[in-house]
Amino acid sequence: MKTVGIGLIGCGVVGGGFARHLLRNHDLIAERTGVDLQIRRIAEPRADRVPAPLRGALTDDWRKLVADGEVQIVVELMGGTTLAKEVARAALSAGKPLVTANKALLAHAGEELFGLADRHHTGIYFEASVGGGIPIIKALREGLLANHIAGIHGIINGTCNYILTRMADEGKSYGDILAEAKSLGYAEADESLDVDGIDTAHKAAILASLAYGCWIKMADIHTEGIRTISALDISYARRLGYVIKLLAIIKPDEHNAVQTRVHPTLIPADSVLASVSGVYNAIAVEGDVVGRTLYYGRGAGADATASAVLSDVAEAATNLGSNRGSRFTRHDLYGKVANIDQVKTRYYIRLSALDQPGVLAQVAAVFGQYNIGISSVYQPEEHSGETVPLLMVLDQASEANFQRAYRDIKQLAVIKEPCQAIRVEDLK
Ligand code: HSE
């Protein structure tokens, strides 16, 4: 049996999970791959994070780890993008495969790093970067290889989905639940990456690059998080037949541009994605040959992510010396990202309206001026001070047109703050 040495950089939540599960399932992996995987070196400042049987492998110098002749695969699980990029460059330049869960790194520097991997005849393995334990990268890269991808809708941030689910179930605010998501190891060290939608955008950039063969700049991804979502809107959405999820939406438009956007979204309560709760992620991918497919599983946490890292390490070990690995195929079918202003969507709006006759007519008149149809109107019999909530779900309109109408409506004397507008996706 061939023995392959691993250098692990970062032994926190994910790295610790990887090390523990490799110790646990080492023999199973060896049986299935014919490779004896051994962790030779670990770079981690906190020794207490490293499982006791592996403490002898500790080093305080990641450069030595990368250069070590006994290390054939570098596993970067430190997170961040500055030092992690140095690590990635060093490993790839040394011709060593890089296994990483670092979606931020790939979203920001994927083009450079995959180029480096190709030049040095080695590979980057990144299954754990999207969807935790769900093998979505393999599905897109291999299982759906023969398909043009018609669209991807993903719930791909476990922390946000956990928070939105608990808010829906318990009516608590997102701040109350965030601390729990952190203690469970779901949230990033900087939680704003999660709740501001940035982590979802990183993952969307990776999925888009695999589906459409072009790198998408983070600045071109319209990104909104969940901070403004209230338990009230979750409850009103439910009454209208919808559930609110933080969705990544990736699809080509009629101009050969790729829409890549991340925002809270009302989706039909009877859709499969609506039933994805807690830390679970789900990614719906539609291919022109296969039709609709769905990938589901735990999207964050030490164990789920370790499963993906282990499968990458096993694949990298099996491929050693064969120059297979990154297999990122550039095809540039769709080189540009659709500007959000041109995107056509439906909207749910919640207005705080004065409780007097004629208000609805004024609001409807503005939408009429902008040629935006109204699908449904609902006014719950609930007062908050001088105003009543007025809920509407609109027909499809371009973002730019909707924003102009919404601005005019908020300027009506009969409309007060707070108002809320959330996009609706019918998932048809
Ligand atoms: N913070 C991420 C999440 C971890 O909540 O999904 C997995 O990428």
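Just above sits the structure.
The notes below deal with the structure included here.

Calculation rules
Residues numbered from 1 in each chain as written. Predicted model: local features only at pLDDT ≥ 70, side-chain atom pairs only at ≥ 80, totals over all residues. Heavy atoms only, no water. Helix = DSSP H or I, 4+ residues; strand = E, 2+ residues; numbered from the N terminus. Rg over C-alpha atoms; globule rule 2.2 N^0.38 Å. Buried < 20%, exposed > 50% of the residue type's maximum accessible area, 1.4 Å probe, protein only. Contact = heavy atoms within 4.5 Å. Lys, Arg positive; Asp, Glu negative; His and termini not counted. Charge placed at Lys NZ, Arg CZ, Asp CG, Glu CD. Near = heavy atom within 4 Å. Polar contact = N/O pair within 3.5 Å; in protein donor to acceptor, adjacent residues only side chain to side chain. 1 Å grid on protein atoms, 1.4 Å probe; cavity = no way out; pocket = protein on both sides within 12 Å on 5 of 7 lines; lining within 4 Å. Sits in = over half its atoms within 2 Å of the grid points. Nonpolar A, V, L, I, M, F, W, Y, C, P; charged D, E, K, R; others polar. Salt bridge = Lys/Arg side-chain N within 4 Å of Asp/Glu carboxyl O. Expected span 1.5 Å × (residues − 1). Phe/Tyr/Trp six-rings, centres within 6.5 Å; stacked < 30°, edge-to-face > 60°. Points joined across faces, edges and corners; volume = space filled by probe spheres on them.

### Thoughts on the overall build of the protein chain
Inference 1: Looking only at helices and strands, the protein chain features 13 helices and 18 strands.
Inference 2: Taken over the C-alpha trace, the protein chain has a radius of gyration of 24 Å; the compact-globule value for 428 residues is 22 Å, and the two agree within 12%.
Inference 3: Across its three principal axes, the protein chain shows a C-alpha extent of roughly 80 × 45 × 35 Å.
Inference 4: Residues counted as buried form 56% of the 428 residues belonging to the protein chain.
Inference 5: Residue pairs at least 24 apart in sequence account for 73% of intrachain contacts in the protein chain once pairs closer than 6 positions are excluded.
Inference 6: If the 44 positive side-chain charges of the protein chain are averaged to one point and the 49 negative ones to another, these points end up 3 Å apart.

### Examining the site of the ligand
Inference 1: Close to the ligand lie Lys103, Asn157, Gly158, Thr159, Tyr186, Ala187, Glu188, Asp194, Asp199, Lys203, Gly299 and Ala300, which account for all nearby residues.
Inference 2: In this structure, a nitrogen atom belonging to the ligand sits 2.6 Å away from a side-chain N or O atom of glutamate 188.
Inference 3: Side-chain polar atom of lysine 203 to an oxygen atom of the ligand: 2.8 Å apart, as the coordinates give it.
Inference 4: A molecule is said to occupy a pocket when more than half its atoms come within 2 Å of that pocket's grid points, and by this definition the ligand occupies the largest pocket.
Inference 5: Elements with a minimum of two residues in the shell around the ligand: helix H6 (158-170) and helix H9 (198-212).
Inference 6: Of the residues assigned to the shell around the ligand, the class counts are 3 nonpolar, 4 polar and 5 charged.

### Comments concerning the pattern of salt bridges
Inference 1: Within this structure, the stated rule accounts for 29 salt bridges.
Inference 2: Taking the shortest distance from any N to any O, the salt bridge between aspartate 48 and arginine 46 comes out at 3.0 Å.
Inference 3: For aspartate 48, a relative accessible area of 52% gives the class exposed.
Inference 4: When its relative accessible area of 43% is taken as the criterion, arginine 46 is described as partly exposed.
Inference 5: The shortest N-O distance in the salt bridge between lysine 138 and glutamate 315 comes to 3.2 Å. Linking lysine 138 in helix H5 (residues 136-143) with glutamate 315 in helix H11 (residues 302-319), this pair joins segments that are 177 residues apart in sequence.
Inference 6: It is possible to trace a salt-bridge network through shared partners that takes in Glu127, Lys138, Arg141, Glu142, Asp312 and Glu315.

### Some thoughts on helix H13 (residues 399-410)
The periodicity of an α-helix, 3.6 residues per turn, causes residues three or four positions apart to be oriented the same way.
Inference 1: Between the first and last C-alpha of H13 there are 16 Å, a value that for 12 residues agrees with the 16 Å anticipated at 1.5 Å per step.
Inference 2: Summarising the contacts, the buried residues of H13 are in contact with strand S14 (344-354), helix H12 (359-369), strand S16 (387-394), strand S17 (397-398) and strand S18 (415-424).

### Focus: unusual backbone geometry
Inference 1: The amide bond that connects glutamate 417 to the next residue, proline 418, takes the cis arrangement and shows omega of 0°.
Inference 2: With respect to the helices and strands, proline 418 occurs in strand S18.
Inference 3: For histidine 121, which is not a glycine, the phi torsion comes out positive at approximately 55°.
Inference 4: Looking at the secondary structure, you find histidine 121 in the loop between helix H4 (103-119) and strand S6 (124-125).
Inference 5: A relative accessible area of 55% means that histidine 121 is categorised as exposed.

### Side note on the packing of aromatic side chains
Inference 1: Tallied over the entire structure, the rule returns 6 aromatic pairs.
Inference 2: Arranged with centres 5.0 Å apart and planes meeting at 15°, the rings of tyrosine 280 and tyrosine 296 form a pair that is stacked. Here tyrosine 280, found in strand S11 (residues 280-287), pairs with tyrosine 296, found in strand S12 (residues 291-298); they are 16 residues apart in sequence, far enough to count as distant.
Inference 3: Of the residues examined, tyrosine 296 reaches a relative accessible area of 48% and is grouped as partly exposed.
Inference 4: Among the aromatic side chains, those forming a connected cluster through ring pairs are Phe114, Phe126 and Trp215.

### Considerations on empty space enclosed by the protein
To find the voids left in a structure, one rolls a probe of water-molecule size over its atoms.
Inference 1: Applying the stated criterion across every chain, the model contains 1 cavity of 30 Å³ or more.
Inference 2: Taken as a whole, the largest cavity encloses approximately 30 Å³ of empty space.
Inference 3: Around the largest cavity, the lining residues are Tyr125, Phe126, Glu127, Ile137, Lys138, Arg141 and Asp312.
Inference 4: With 3 residues, H5 is the largest single contributor of residues to the lining of the largest cavity.
Inference 5: Looking at the lining of the largest cavity residue by residue, the classes come out as 3 nonpolar, no polar and 4 charged.

Note that all results are geometric; they support no functional claim without further evidence.
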